[in-house]
Amino acid sequence: NNDLAVNCGTNMITLEVNLCTAEWAGFDPNGLALNGERNNAQCKGIIDSTVNPPVIRFQLPVNHSQENPCRQSLQ
């Protein structure tokens, strides 16, 4: 299954969602955001059409902060 890829680093987790799969599922790729935080640009996915297949990329910082803009806490 190549619809979703998760790359875990020590400071950042990168989530990549296959753009075509998201569109076929009826999602607006420009409206996808972590925890529904659509009004915060830091929480929106970034469409990368330079890779094949194109993906929507999300960045999730690994930290202990309660001030995370997308309201996730990954430790």
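- The protein appears in an unreviewed UniProt entry as ZP domain-containing protein from Cirrhinus mrigala.

Digging into the side chain of Asp-48
Move 1: Its place among the elements puts Asp-48 in strand β3 (residues 46-48).
Move 2: Leave out the neighbours within four places in its chain, and Asp-48 touches Pro-54, Val-55 and Arg-57.

Some remarks on the pattern of salt bridges
Move 1: Per the counting criterion, the structure on display carries two salt bridges.
Move 2: As a salt-bridge pair, Arg-57 and Glu-16 come within 2.9 Å of each other at their nearest N and O atoms. Of the two residues, Arg-57 is situated in strand β4 (residues 55-61) and Glu-16 in strand β2 (residues 12-18); the sequence distance between them amounts to 41 residues.
Move 3: Here Glu-16 falls in the buried class, since its relative accessible area comes to 19%.

Criteria and cut-off values
Residues numbered from 1 in each chain as written. Predicted model: local features only at pLDDT ≥ 70, side-chain atom pairs only at ≥ 80, totals over all residues. Heavy atoms only, no water. Helix = DSSP H or I, 4+ residues; strand = E, 2+ residues; numbered from the N terminus. Contact = heavy atoms within 4.5 Å. Salt bridge = Lys/Arg side-chain N within 4 Å of Asp/Glu carboxyl O. Buried < 20%, exposed > 50% of the residue type's maximum accessible area, 1.4 Å probe, protein only.

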